[in-house]
Amino acid sequence: MTKLVPRPASTLILLRDSAAGPEVLMLQRTQSAVFLGGAYVFPGGSLDESDADPRILKRIVGEIEIPPTPYWVAAIRECFEEAGILLLLDKTNRPLDANRAEDLMQYRKRPFVDLLENEDLYVPASALAYYGHWVTAPGRPRRFDTRFFLAVAPEGQKGSHDAAETVHDVWITPREALERSARNEIELVFATQHTLHDVKTFKTAREAFDAVRARPEPEANRACWAHGKDGAKLFRQIDPQYFEIHWSDPEESGETTYELAPGVPKRLDRYVTRIIAPNPGVMTGPGTNTYLVGQGDLAVIDPGPAVASHVEKIIEEGKGRIRWILCTHTHMDHSPAALALKAATGAQVLGRPAPEGQGQDATFKPDFALESGQRVELGEMSGAIGLRAIHTPGHASNHLCYLLEETKMLFTGDHVMQGSTVVINPPDGDMRAYLRSLEKLLGEDLAVIAPGHGYLIGAPHKEVRRLIAHRLGRERKVMRALQQLGEASVDELLPVVYDDVPVRIHRIAARSLTAHLDKLAADGAVRVAGERYTLVESKIKEA
């Protein structure tokens, strides 16, 4: 796939209020356009060298942090040139009224700096909210690295298309635009549809602007290609494969695979190869991920279940270089293969001993019990890289994560899984400890998560915060259910607290519900009498 370097660009989502709610200004691109011909878009275009002109930059009012200032200038300039709307201030710092703006339309095809200097106008940073970051997928005849901004349209300025790059303009509610697109009356590309679905949720233009200004910095949306049994496919940030494709194919060649295929080694980066065990299921997803880490001597993380074909595949891929076997914990889908792998390779087994209880691998006997913070050096043959152990009890009391500090990849076992939340099964599973362990990860410098099941997970801190919020949200649901039901058992609470989960997995969810109740009891929010639970009166308002 030929790789084009994306050109920097800016787009401006202009909103105004109407009786039907906020309307957005959309322009139809000419059918002959090389890029998105005929599509309805927001005003915008490529950055110009003049957007960084010092004469323009000194006329910016307000502070700009991200993205770089020329993107802000381009958004306002392109909005004027393409849509005929001026988001500028006069020398008294007041927005231009509609009559003054109309008088300045003569400048639409002249250098932007001429308009600012000749008319003594200024660029207001506070008029824009940084909304999004979209990069055109490889394979297009043109690619753009586009920053999306949102603004409230100046009072009375209606705008108009430029009759060159654009041939039609319309103020339309996001909902109507999406409905017309669904009827194939207008063409909207994915980024535009995604934006309209978001913007349609706001009641006024100002509400949308304030909400966007309050959001954290947007993540880049870089659609990417990968191949598999169904041929080449395009993936976006909402897809579970997205971050793994980018991590394993940073050059955007499209040659990496989107398949999670048991027994087929996948090279994730220069240090790490993954082999998926043939043990798919409700609890294991596509199967347990076994990782081989290193460039010379190798460490195996989570050898998986004692399945002969899986052990043979690990040995084959290891090519006589396996020196260490590390386990995140001792549940039966993660550690049992360590015994056979050690016998075949003589590798040193590292981890923490199995606690007593059902579902633990009694065969796991580490040669060395790791403590949190200890580093396993992988030797000179692997470029002196190392794995740092982080004790993360919660899913299991002996659970460890391993951080490959050179690339900031965190191997999380069952502490963080892709595609689902993990089960916390008392007594060894502990919800209080689990939440503390998640909080601990927020203090680590992480680039990507390599989970025990599923694809690599990007934006690690965002994902960890999501998991914490999810668990605390479930806890509040438990408290509300107790307030509603009064004294109740786990069986009585289950269909209320997990009404958003298929009934077929309620028995599994019951384990995590018990862990939530144990935590609430330890927090003093719930009283326990036998197998029945009651919300403490002082906590009723919090529910």
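Please refer to the structure higher up on the page.
Residues numbered from 1 in each chain as written. Predicted model: local features only at pLDDT ≥ 70, side-chain atom pairs only at ≥ 80, totals over all residues. Heavy atoms only, no water.

## Here we look at the layout of surface pockets
- Here the largest pocket is characterised by a volume of approximately 1,300 Å³.
- Lining the largest pocket are 49 residues, and of these M417, S420, T421, V422 and V423 lie nearest its centre.
- At the level of secondary structure, the elements contributing two or more residues to the lining of the largest pocket comprise α12 (460–485) and α14 (506–522).
- Here the element with the most residues in the lining of the largest pocket is α12; it accounts for six residues. (1 Å grid on protein atoms, 1.4 Å probe; cavity = no way out; pocket = protein on both sides within 12 Å on 5 of 7 lines; lining within 4 Å. Points joined across faces, edges and corners; volume = space filled by probe spheres on them. Helix = DSSP H or I, 4+ residues; strand = E, 2+ residues; numbered from the N terminus.)

## Regarding the environment of Q31
- By the secondary structure assignment, Q31 is in the loop between β2 (23–29) and β3 (40–41).
- Under the relative-accessibility criterion, Q31 is labelled exposed at 61%. (Buried < 20%, exposed > 50% of the residue type's maximum accessible area, 1.4 Å probe, protein only.)

## Digging into the pattern of salt bridges
- One pass over the structure, following the stated rule, counts 39 salt bridges.
- D145 serves as the salt-bridge partner of R147, at 3.8 Å between the closest nitrogen and oxygen. No difference in accessibility class separates R147 from D145, as the two residues are buried.
- Notably, a salt bridge pairs E406 with R375, separated by 3.0 Å at the nearest N-O pair. Within this pair, whereas E406 is found in the loop between β22 (400–404) and β23 (409–413), its partner R375 is found in strand β20 (residues 375–377), the two being separated by 31 residues in sequence.
- Of the residues examined, R375 reaches a relative accessible area of 31% and is grouped as partly exposed.
- Salt bridges sharing partners connect three or more residues here, namely R375, E377, R388, E405, E406 and E444. (Salt bridge = Lys/Arg side-chain N within 4 Å of Asp/Glu carboxyl O.)

## Some details on helix α13 (residues 490–497)
- Listed in full, the buried residues belonging to α13 are V490, L493, L494 and V497. Down the axis of α13, the buried side of the element spans an arc of 115°, and every buried residue falls inside it. (Arc of directions from axis to C-beta.)

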